[in-house]
Amino acid sequence: MAEQHTKSERLRKHLMDVIDQGLEPHSKLPAERDLATEFDVSRLTVRRALDRLANDGLVYRVQGAGTFVAAPRITKSVELTSFSEDMRARGLMPGSTTLISETVPAGAKLGALLRVSPSAELFHIRRARTADGEPMALEDSYLNPLLFPGLIDNVGGESLYKIMEDDYGLRLEWAQQSIRASVLEPEQARILHAPPFSPAFFVERTSYDARDVAIEYAESIYRADRYHYELEIHRAR
Ligand code: 16G
């Protein structure tokens, strides 16, 4: 039994390599009995290897016709994108107006998130974000000034992620994000040219670099009539 298992694993790995090395999608794999002869194993062993490959989505079977190489899965994981990238992907031109750039004490919550003491100063930048010139979102970003010396005087209309990467060599790797329903408070509504208390998405994001150092905490509020959140998701196997 164990030996059969090892043989089918070996065959499975071999077939994976063959597929990886460039078998075209939808091309036919050799018949079970031919594989059995070629690898000197039983048909059952071949079937086991093919079952695993089918379960992993690498091949598919057509009754009476055989086993075929599956087309590569369209895997689009949920990507960590900037507002600018997000808008460009929708064919819109991103824009930004800085409304506030100041230093504020971190306080308990942000201190814990960005791993600084509650009395340490953080940069706070509030920006109105536009898409094709139309107000779309308000963003409050909090950053550790020790990581971004001089940034506070330099936030113009440019992408913050681009500044982080180009000027400070800091690349974000992953983030924790939550999205919930909200409404625009009158002041937010005024800036976003929307009626007070109209529906909005409230997005909170803490972003980390590859070493899991928290780099930015941000709160964004989006006009719900202009923004929708789209994901491609796959059924868990
Ligand atoms: C996203 C982020 C924000 C970040 C911005 C950078 C949220 C809630 N917002 O909108 O944290 O500052 O992108 O965009 O996730 P930028 O590179 O276009 O300035």
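Fair warning: this is a prediction, and the values are worked out from it, not measured in the lab.

Description of the overall build of the chain
The helix and strand tally for the chain stands at seven helices and eight strands. Taking all 237 residues of the chain together, 22% fall into the buried category. Sequence separation of at least 24 residues holds for 57% of the intrachain contacts in the chain that already meet a minimum separation of 6.

Some thoughts on the sheet that holds strand S7 (residues 199-209)
Within the open sheet, the six strands sit side by side as S3-S4-S5-S8-S7-S6. Their pairing is antiparallel. Strands with a single pairing partner mark the edges of an open sheet, and in this sheet they are strand S3 (94-105) and strand S6 (172-183). The sheet shows a mean angle of 15° between the axes of neighbouring strands, direction not considered. Inspection of the sheet shows S6 paired to S7 by 11 bridges, in the antiparallel sense. Paired with Val183 across the strands is Pro199, a residue of S7.

Here's the deal with the pairing of strand S4 (residues 121-131)
Across 11 bridges, the pairing between S3 and S4 is antiparallel. Each bridged residue has a counterpart across the sheet, and for Gly95 the counterpart in S4 is Thr130. Bridging between S4 and strand S5 (residues 134-143) involves nine bridges; their strand directions are antiparallel. Each bridged residue has a counterpart across the sheet, and for Ala128 the counterpart in S5 is Leu138.

Some thoughts on helix H3 (residues 43-55)
Under the 1.5 Å per step criterion, the end-to-end length of H3 is 18 Å for 13 residues, consistent within 8% with the ideal 18 Å. The set of residues buried in H3 consists of Thr45, Val46, Ala49, Leu50 and Leu53. Along the axis of H3, the buried positions cluster into a sector of 130°, meaning they face one direction only. Looking at H3, the residues exposed on the side facing more than 90 degrees away from the buried face are Arg43 and Asn55. Phi for Gly57, located one or two positions after H3, is positive at around 80°.

Comments concerning the packing of helix H2 (residues 32-39) against H3
Across the interface, H2 lies against H3 with an axial gap of 9 Å and an inter-helix angle of 110°. Between H2 and H3, the angle is such that the two are roughly perpendicular. In this structure, H2 meets H3 at a crossing whose hand is right-handed. Where H2 abuts H3, its residues Glu32, Arg33, Leu35 and Ala36 lie against Arg43, Val46 and Arg47. For the contact of H2 with H3, the per-class residue count stands at three nonpolar, no polar and four charged.

Quick notes on the confidence of the model for the chain
When pLDDT is averaged along the chain, the result is 89, and 95% of the positions lie at 70 or above. Per-element mean pLDDT across the chain ranges from 83 in helix H1 (residues 2-20) up to 97 in helix H7 (residues 186-191). Scoring the predicted complex yields pTM 0.69 and, for the interface, ipTM 0.96.

Description of the environment of Leu147
In this structure, Leu147 sits in the loop between S5 and helix H6 (160-168). When the C-alpha atoms of Leu147 and Leu170 are compared, they prove to be 8.7 Å apart, with 23 residues separating the residues in sequence. With sequence-adjacent residues up to four places away left out, Leu147 is seen in contact with Tyr168, Leu170 and Ile215.

What about the environment of Phe201?
Mapped onto the fold, Phe201 is located in strand S7. Apart from the residues within four sequence positions on either side, Phe201 is in contact with Ile179, Ala181, Ser182, Tyr222, Ala224, Tyr227 and Tyr229.

Digging into unusual backbone geometry
Phi angles above zero are rare outside glycine, and Arg115 is one such case at about 50°. The topology assignment puts Arg115 in the loop between helix H5 (107-113) and S4. One non-glycine residue, Asp212, adopts positive backbone phi at about 65°. Its place among the elements puts Asp212 in the loop between S7 and strand S8 (214-223).

Definitions and cut-offs
- Residues numbered from 1 in each chain as written.
- Predicted model: local features only at pLDDT ≥ 70, side-chain atom pairs only at ≥ 80, totals over all residues.
- Helix = DSSP H or I, 4+ residues; strand = E, 2+ residues; numbered from the N terminus.
- Buried ≥ 20, exposed ≤ 12 C-beta atoms within 10 Å, placed from the backbone.
- Contact = placed C-beta atoms within 7 Å.
- Pairing = 2+ DSSP bridges.
- Axes fitted to C-alpha atoms, helices over the stretch in contact; angles between N-to-C directions.
- Expected span 1.5 Å × (residues − 1).
- Arc of directions from axis to C-beta.
- Parallel < 35°, antiparallel > 145°, perpendicular 65-115°, else oblique.
- Left-handed = near helix turned anticlockwise from the far one by under 90°.
- Nonpolar A, V, L, I, M, F, W, Y, C, P; charged D, E, K, R; others polar.
- pLDDT = per-residue confidence, 0-100.

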